[in-house]
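Remarks on the overall topology
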Amino acid sequence: MFDNASAAVSAPTATPVSRGSDPPSSVRPILLVCVAAFGLMTGQQMVNPILAPLARELGLSELALGVVMAVGASGVVFASGFWVRRAHARGHRAVLLTSLGGAAVGLAGFALVAQIGLSGSLPTWLVFVLVVLSRGLLFGIAWAATPATAQSYIAAATAGEVERVRGMASFGAAQGLGLAVGPALGGLLSIGGLLVPMYAAPVVLVLIAIVLAARLPRASAQPLGAAPKRVRVLDRRIWPFLLIGSGLYSAITIVLMTAGFLLQDRMHVPTDRTGVQTGLITLAGAALIVVVQAVVVRRLAWPPHRLIRVGCATMTAGMIVVAAAPTALWLALGVAMLGAGLGFGMPGVSAAPSLRATAAEQGSVASLVNATVAVAFALAPLIGNGLYEVGTAVPYLASAAALLALTGFAIGHRGIGPDSTQAAVNRPVDPRTHPRNPNLHREDRQQEGTLMRTTTTSHSAIIAMCLGLVLTAAVTAVPFLGSPRGELISRHIASGYPSYSASEVATATDTYLAGLVIVGVLGLICWAACIAAAWAGKRWAPWAALGGLIVGASIALFDLTIRDTSGDTGLPPLIGWLGLLPSLAGLVAVALLWTRRSDRSAVIEPVL
């Protein structure tokens, strides 16, 4: 949908982008790289407004559409690092042209599959598989090349916090402009039928590729030398910004992927007008992204941490408006606020990791930002569309709660503060306590051993909590399995209340599902908070984990044992027993955290 991503940070050093190229400060190559991002986003967004009505015309469910988008985003995740290495081996020019060409082929194949599917010549399952391969896999892999390559180029061509933020803002503004032009153009073309924008989109990509091939300097085609130095996802300099970026993109992706369904279901917009109105609503958000990134961010020259905090708070307010929107106009207002928040937040999220990385790490950091945001695109459609099937307001309320938590994280986490950029790099090392120094005193060795045990225990506790988070997500999804949705619960209710009509059983089932989703989302937020606290070495992390375990285990036991007026348990026993699994992971994590607490009486350090 919309993807974004100096040994001494206090004075970052620009490095040549390629041998024989113009000076890195040259504006023209950066402008052309932004043109590539604009073209790719425009072509993609021309199709997105008609995906919801097209999916229903093809007989695909909301969840099936989410799977298609998730596969595409997964392609971005796994291909981003590959494309950055290819850019170093073959140059930015070749990678950008390959990206545009591959994306054009993917969209053209998608249009052909849709045309055949609408004619009824193929079974629904085969149409779904072909859509996943064309619009999902092929398009996603090709799409991954442009953001990662463009961000690594801009990072190498800019120096200093203000210039880096402005460069990333220009890239984001180019994507935002494509996000504005694409839906508007696609919505207008959809008046002629759902297939018109689908066939027009690959044509736009081919035209942009021709412009790029003619105007991008040949110097950008030269290899860049050694491969970029790898950076871990959990690098302490980087992961807070990756977490925030994935959260911001997840929120707006959930809204944009379900806006078409919301217009039809809550606002009763007919199918032939859904594409146009979805395009206009997307345009409202995209217009604010462009204005904020191209004008406001550049003029304010705020540091990354302030941009991030303002962006998170603005998006929280916008999501609340979306959740309560009674009309399409209110929905557009909420999406506009989300766009403004993303316009503030993402330049900070893209610039901050780049400023904290060395010159050799810029490519890896750009691919990490790109891949992490793509993870949001992989999960958000599945989560959003699944929650939407529970209730039209559920995905937006859950997103508002998550954004509120992100706002608190951005304000409270010490790694996102105004001095974090300088503090995170080149921190002085005490030569006496360096682990490879053979002259360590005995006391230093004992302290180092305690720290190593503490760190190992912390890692084990965090792994256990990550397992608990995954189990919570899985257990929350189990009741939705089956056809129709919630079949396991509905059968249980029907057996306990044989006098209930089908509508009464459906109402009771939806009530149970909504409650389970709310508990599951709160559980995921709790797991994420405890993981972040343990990773940062907070003293209160063991207490928070213990409190979460007590509350979670109590809810699980309540679900397993409580009986309703029928004399049977309210939930099917299978769901009740599965609900205990996250508590087992929590028990292991709490035990490890309290072991760590007793071991580190004199050593208080974060894990990384």
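Residues numbered from 1 in each chain as written. Predicted model: local features only at pLDDT ≥ 70, side-chain atom pairs only at ≥ 80, totals over all residues. Heavy atoms only, no water.

Here we come to the overall build of the protein. Regarding its fold elements, the protein presents 20 helices and zero strands. Taken over 608 residues, the protein has a buried fraction of 54%. Total accessible area on the protein stands at roughly 24,600 Å², and carbon and sulfur atoms take up 68% of it. (Helix = DSSP H or I, 4+ residues; strand = E, 2+ residues; numbered from the N terminus. Buried < 20%, exposed > 50% of the residue type's maximum accessible area, 1.4 Å probe, protein only. Areas by Shrake-Rupley, 256 points an atom, 1.4 Å probe, with all protein chains shown as cover.)

Here we take up the packing of aromatic side chains. Across all of its chains, the model carries three aromatic pairs by this definition. On the basis of an interplanar angle of 40° and a centroid distance of 5.9 Å, the ring pair of Trp239 and Phe409 is categorised as tilted. One end of the pair, Trp239, is in helix H8 (residues 239–265); the other, Phe409, is in helix H13 (residues 394–412), and 170 residues separate them in sequence. According to the relative accessible area criterion, Phe409 is buried, its value standing at 14%. (Phe/Tyr/Trp six-rings, centres within 6.5 Å; stacked < 30°, edge-to-face > 60°.)

This part is about the nonpolar core. Generally speaking, soluble globular proteins have nonpolar side chains that are buried together. The biggest cluster of nonpolar side chains holds 128 residues, and the ones touching the most others in it are Ile244, Leu331 and Met465. The next biggest cluster of nonpolar side chains, apart from the first, holds 16 residues, and it includes Val505, Leu513, Leu516 and Val517. (Core = buried A, V, L, I, M, F, W, Y, C linked by side-chain atoms within 4.5 Å.)

One way to put it is that H8 packs onto helix H9 (residues 271–300) with a least axis distance of 9 Å and a crossing angle of 135°. On the basis of their axis angle, the class for H8 and H9 is oblique. The way H8 lies across H9 gives a crossing that is right-handed. Along its contact with H8, which presents Leu256, Gly260, Leu263 and Gln264, the element H9 presents Thr271, Thr274, Gln277, Thr278, Ile281 and Thr282. By residue class, the composition of the contact of H8 with H9 is three nonpolar, seven polar and no charged. (Axes fitted to C-alpha atoms, helices over the stretch in contact; angles between N-to-C directions. Parallel < 35°, antiparallel > 145°, perpendicular 65-115°, else oblique. Left-handed = near helix turned anticlockwise from the far one by under 90°. Contact = heavy atoms within 4.5 Å. Nonpolar A, V, L, I, M, F, W, Y, C, P; charged D, E, K, R; others polar.)

Further remarks concern helix H4 (residues 92–118). The end-to-end C-alpha distance of H4, which contains 27 residues, comes to 39 Å, matching closely the 39 Å that a straight helix rising 1.5 Å per residue would cover. The positive-phi residue at the C-terminal boundary of H4 is Gly120, with phi of around 80°. (Expected span 1.5 Å × (residues − 1).)

This brings us to the environment of Ala401. Tracing the sequence through the fold places Ala401 in helix H13. The exposure class of Ala401 is partly exposed, given its relative accessible area of 32%. Between the C-alpha atom of Ala401 and that of Met319, which follows or precedes it by 82 residues, the distance is 9.2 Å.

A word on the side chain of Thr407. For Thr407, the position within the fold is in helix H13. A polar contact is formed between the side chain of Thr407 and the side chain of Thr316, at a distance of 3.4 Å. Those residues in contact with Thr407 that sit more than four places away from it in its chain are Cys312, Ala313 and Thr316. (Polar contact = N/O pair within 3.5 Å; in protein donor to acceptor, adjacent residues only side chain to side chain.)

In the contact formed by helix H10 (residues 304–324) and H13, the axes pass within 9 Å of each other and the chain directions differ by 165°. For the element pair H10 / H13, the angle class is roughly antiparallel. Regarding H10 and H13, the two cross each other, and that crossing is left-handed. Along its contact with H10, which presents Ile308, Arg309, Cys312, Ala313, Met315, Thr316, Met319, Ile320, Val322 and Ala323, the element H13 presents Tyr396, Leu397, Ser399, Ala400, Leu403, Leu404, Leu406, Thr407, Ala410 and Ile411. Per-class residue counts for the contact of H10 with H13 are 16 nonpolar, three polar and one charged.

What follows concerns a nonpolar patch on the surface. Nonpolar side chains collect at one region of the surface, where Trp125, Val129, Leu133, Leu137 and Ile141 lie side by side and expose about 460 Å² of accessible area between them. Here Val129 shows up in helix H5 (residues 124–157). (Patch = residues over 30% accessible without salt bridge, like charges linked within 9 Å, V, L, I, M, F, W, Y side chains within 5 Å. Salt bridge = Lys/Arg side-chain N within 4 Å of Asp/Glu carboxyl O.)

A few words now on the confidence of the model for the protein. Per-residue confidence for the protein gives a mean pLDDT of 74, with 79% of residues at or over 70. Mean pLDDT across the secondary structure elements of the protein bottoms out at helix H14 (residues 420–424), with 44, and peaks at H4, with 88. Here residues 1–27 is modelled with pLDDT under 50, and outside its nearest four sequence neighbours on either side it reaches 95 contacts, counting other chains as well. (pLDDT = per-residue confidence, 0-100.)

Taking 1.5 Å of rise per residue, 35 residues should cover 51 Å, and helix H17 (residues 502–536) covers 51 Å from first to last C-alpha, within 8% of that figure. Backbone geometry just after H17 places Gly537 at a positive phi near 75°.

Along the chain, the position of Ser246 falls in helix H8. A relative accessible area of 16% means that Ser246 is categorised as buried. The residues contacting Ser246, other than those within four sequence positions of it, are Thr372 and Ala376.

This next bit is on the state of the cysteines. Following the criterion strictly, the structure yields zero disulfides and no others. Sulfur of Cys526: no disulfide; nearest cysteine sulfur belongs to Cys530 and is 4.3 Å away. Judged by its relative accessible area of 30%, Cys526 is partly exposed. (Disulfide = S-S within 2.5 Å.)

This part covers the environment of Leu31. Mapped onto the fold, Leu31 is located in helix H1 (residues 27–47). Distance in space between the C-alpha atoms of Leu31 and Leu216 is 9.5 Å, their sequence separation being 185 residues.

Attention now moves to the environment of Ala213. Following the sequence through the fold, Ala213 ends up in helix H7 (residues 195–215). C-alpha of Ala213 to C-alpha of Leu96: the two residues are 117 residues apart in sequence and 9.3 Å apart in space.

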